[in-house]
Amino acid sequence: MNYAFCRYNVILDFPLTIDIKRLVNGGPLIKYDKVDYARIGVMPRYGDADNVRWFQVEPCCVFHIINTYEDGDEVILWAFRAMDSIIPGPDFGLNKFEWFSSRFKNDCHTNCDESFFSRAYEWRLNMKTGEVKERFLTGKLDSMDFPMINENLTGFKNKYGYAQTVDLDASSFAGMPKYGGLAKLYFGDMKQQDYVKMEYHKFPENTFCTGATFVAKPGGTEEDDGWVITFVHDEHLNMSRAVIVDARNFTSEPVAVIALPSRVPYGFHGAFMSITL
């Protein structure tokens, strides 16, 4: 996984691998080895393999990066981190529904399996000393993923981020991730508290989202001037809609809800492209 910003490319070399030889020999094409190494490489933007500086980090699984930027001698990486990979799924012979379902359960007073619980995480990579500092940015109340930011801040320190939040009960029952709402993360001031402040936009019961994206307001003067647009599916009515949320009034009712003529499947990714009418 490669993520480029102002002066560097950041490369995540984590233990989720694709191996054709392993497949030919009867093993899985994709495999996550949680006891294997994990490292993050920082390479000058126009460098090559000989210029990569590697930082050893705690093994984990990351699919989506929030942002990366520089702060003095440090390269800061924010992403959503889980302890296990939902891909490729259970080994042959295991019950797939039970395997997925148990890893989404939210009963942490007993034997809670948090392997798919995805939390915002920070790595601080010191390019001068080689030191790595790691910490969680969000707590254990919410599992979330599919981050988005105002893309004008890509590669620069951002104050806000957005993500889809997992409905743990619905996901456990379905044996697949279902996202029952959106979260707004406040990265602007994290020194006074353990975790970042968050706001939520919840969808009605049995309504789940996919493909959320942030759209900056033309001429906006603040980083969060804009909207979060997402597809949702109401499982009661079997109806898909596009929902538009004001990012500055995040907990309020949507500014628009648009009925769609056909179903938008879960897992679809979204992007916004403006057109001239």
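Before reading further, recall that the structure is shown in the block above.
Scoring rules and cut-offs
Residues numbered from 1 in each chain as written. Predicted model: local features only at pLDDT ≥ 70, side-chain atom pairs only at ≥ 80, totals over all residues. Heavy atoms only, no water. Phe/Tyr/Trp six-rings, centres within 6.5 Å; stacked < 30°, edge-to-face > 60°. Buried < 20%, exposed > 50% of the residue type's maximum accessible area, 1.4 Å probe, protein only. Helix = DSSP H or I, 4+ residues; strand = E, 2+ residues; numbered from the N terminus. Lys NZ or Arg CZ within 6 Å of the ring centre and 35° of its normal. Contact = heavy atoms within 4.5 Å.

Caption draft 1: Broad picture of the packing of aromatic side chains. If you walk through the whole model with that rule in mind, you get 10 aromatic pairs. For the ring pair tyrosine 121 and tryptophan 123, a centre distance of 4.7 Å and an interplane angle of 65° mean the geometry is edge-to-face. A single burial state applies to tyrosine 121 and to tryptophan 123, both of which are buried. Judged by centre distance (5.2 Å) and plane angle (10°), the rings of tyrosine 162 and phenylalanine 214 are stacked. Note that tyrosine 162 is positioned in strand 12 (residues 160-166) and phenylalanine 214 in strand 15 (residues 207-216), a separation of 52 residues in sequence. Of the two residues, tyrosine 162 and phenylalanine 214, neither departs from the other in class, the shared state being buried. Over the aromatic face of tryptophan 54 sits the side chain of arginine 39, whose NZ or CZ is 3.7 Å from the ring centroid. Directly above the ring of tyrosine 266 sits arginine 263, whose terminal nitrogen or CZ lies 4.7 Å from the centroid.

Caption draft 2: Looking closely at the environment of tyrosine 179. Assignment of secondary structure puts tyrosine 179 in strand 13 (residues 179-186). Discounting chain neighbours no more than four positions away, the residues touching tyrosine 179 are Asp145, Phe146, Gln164, Thr165, Val166, Asp167, Thr207, Phe208 and Cys209.

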